Amino acid sequence: MQEHAVIHLQEADIFQEKNLVLHQVNLDIRKGEFAYLIGKTGSGKSSLLKTLHGELKLELGSGSVAGFDLIKLKRRQVAKLRRRLGIIFQDFQLLTDRNAKDNLLFVLRATGWKNKMEMFKRVSEVLQIVGLETKDYKMPHQLSGGEQQRLVIARALLNKPEIILADEPTGNLDPDISNDITKLLQQIAKEEGTAVLMATHEHRLLEKFPARVIKVENNKVHNDPAYEGNLEVHE
């Protein structure tokens, strides 16, 4: 296992029900590292992400995420694992009846925060990180698509996660906003020390914002440095 690896999979077989989706996966992602996850639709990217956040059980091989052993992970421990992760989806899943600040306070209360001063301080911190410090009173529908995704990123950062799993976070955004979101996620990895694994179909982002590329293809995960910049994936 690599030193400071927040994700470590070794010879892991990943199943959807009884179907083998990915075979003999070896993967290490270190603290503060940013990496892209690419592959055709149906190649197994989502199954890999679901395994990392405990939705799919790891049955064969070995693996750990943020200190949790995926083989030994019990159903009741999944919520604890997810508090160590930030998860970002393509659809924002914001609470539409609450403003930006209250969306974030809701998550803090749900994850066990009690002290109101500390809660307000943390909300202020994450809004500043994502550049929404002046928009805390806005309802989700009053925010642009890019601003909503920034709020989702702020939400993912609330509990100071060791890693952010971002599943197509720019899928519904125009190219300029996609650029901004990708830059923000790379900045978070560098400045906050939070590892980021970003699944994307937008291969132009890999050229514009180079980083390590993890490629899912033919039931395998390729993460050798030789694959960096390899864009030979056809949808």
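Everything that follows concerns the structure shown earlier in this document.
This write-up is about the structure you can find in this document.

Cut-off values and rules
Residues numbered from 1 in each chain as written. Predicted model: local features only at pLDDT ≥ 70, side-chain atom pairs only at ≥ 80, totals over all residues. Heavy atoms only, no water. 1 Å grid on protein atoms, 1.4 Å probe; cavity = no way out; pocket = protein on both sides within 12 Å on 5 of 7 lines; lining within 4 Å. Points joined across faces, edges and corners; volume = space filled by probe spheres on them. Helix = DSSP H or I, 4+ residues; strand = E, 2+ residues; numbered from the N terminus. Nonpolar A, V, L, I, M, F, W, Y, C, P; charged D, E, K, R; others polar. Phe/Tyr/Trp six-rings, centres within 6.5 Å; stacked < 30°, edge-to-face > 60°. Buried < 20%, exposed > 50% of the residue type's maximum accessible area, 1.4 Å probe, protein only. Pairing = 2+ DSSP bridges. Core = buried A, V, L, I, M, F, W, Y, C linked by side-chain atoms within 4.5 Å. Contact = heavy atoms within 4.5 Å. Axes fitted to C-alpha atoms, helices over the stretch in contact; angles between N-to-C directions. Salt bridge = Lys/Arg side-chain N within 4 Å of Asp/Glu carboxyl O.

1. Concerning the layout of surface pockets
Then comes step 1: The volume enclosed by the largest pocket comes to roughly 520 Å³.
Then comes step 2: As for the largest pocket, its lining consists of 18 residues, of which Arg82, Leu85, Ile87, Val107 and Arg155 are closest to the centre.
Then comes step 3: Only α2 (78-83), β6 (85-88), α3 (100-110) and α5 (145-157) provide two or more residues apiece to the lining of the largest pocket.
Then comes step 4: Examining the composition of the lining of the largest pocket, we find that four residues originate from one element, α3, more than from any other.
Then comes step 5: Classifying every residue of the lining of the largest pocket gives nine nonpolar, six polar and three charged.

2. Topic: the packing of aromatic side chains
Then comes step 1: Considering all chains together, one arrives at one aromatic pair under this definition.
Then comes step 2: The interplanar angle of 85° and the centroid separation of 5.0 Å between the aromatic rings of phenylalanine 34 and tyrosine 36 together place this pair among those described as edge-to-face.
Then comes step 3: Classification of phenylalanine 34 as buried rests on a relative accessible area of 9%.

3. Focus: the sheet that holds strand β2 (residues 19-30)
Then comes step 1: Read from one edge to the other, the open sheet built from four strands follows the order β2-β1-β4-β5, with strand pairing classed as antiparallel. Unpaired on one side and paired on the other, β2 and β5 (68-69) mark the two borders of the sheet.
Then comes step 2: Inspection of the sheet shows strand β1 (residues 5-16) paired to β2 by eight bridges, in the antiparallel sense. Directly across from isoleucine 7, in β2, lies its bridge partner isoleucine 29.

4. Comments concerning the nonpolar core
Then comes step 1: Counting residues in hydrophobic clusters, the biggest one holds 40 residues, and the most contacted among them are Tyr36 and Ile153.
Then comes step 2: For this core, the secondary-structure elements that each account for two or more residues are β3 (34-39), α3, α4 (116-129), α5, β7 (163-167), α6 (175-192), β8 (195-199) and α7 (203-208).
Then comes step 3: Considering every element that reaches this core, the biggest residue donor is α5, with six residues.
Then comes step 4: Aside from chain neighbours lying at most four places away, what touches isoleucine 153 is Ile88, Val130, Ile181, Leu184, Leu185 and Ile188.
Then comes step 5: Counting 33 residues, the second largest nonpolar core, distinct from the first, contains Val65, Leu73, Leu85 and Ala195.

5. What to know about the sheet that holds β6
Then comes step 1: Strand order in this open sheet of six strands is β6-β7-β8-β3-β9-β10, and the pairing throughout is mixed. Only two strands of the sheet have a single neighbouring strand rather than two, namely β6 and β10 (220-222). Within this sheet the neighbouring strands show an average axis-to-axis angle of 15°, counted without direction.
Then comes step 2: Where β7 meets β8, five bridges bridge the pair, whose relative direction is parallel. Of the residues in β8, the one forming a bridge with isoleucine 164 is valine 196.
Then comes step 3: Here α5 sits on the sheet in contact with β6 and β7, set at roughly 160° to β6.

6. Some points on the pattern of salt bridges
Then comes step 1: All chains considered together, the criterion is met by nine salt bridges.
Then comes step 2: Between glutamate 33 and arginine 30 there is a salt bridge; the shortest N-O distance is 3.9 Å.
Then comes step 3: Relative accessible area serves as the criterion here: at 11%, glutamate 33 is assigned to the buried category.
Then comes step 4: Accessibility expressed as a relative area gives 35% for arginine 30, which makes it partly exposed.
Then comes step 5: Measuring nitrogen to oxygen at the nearest pair gives 3.4 Å for the salt bridge that ties glutamate 202 to arginine 204.
Then comes step 6: For arginine 204, a relative accessible area of 29% translates into the label partly exposed.

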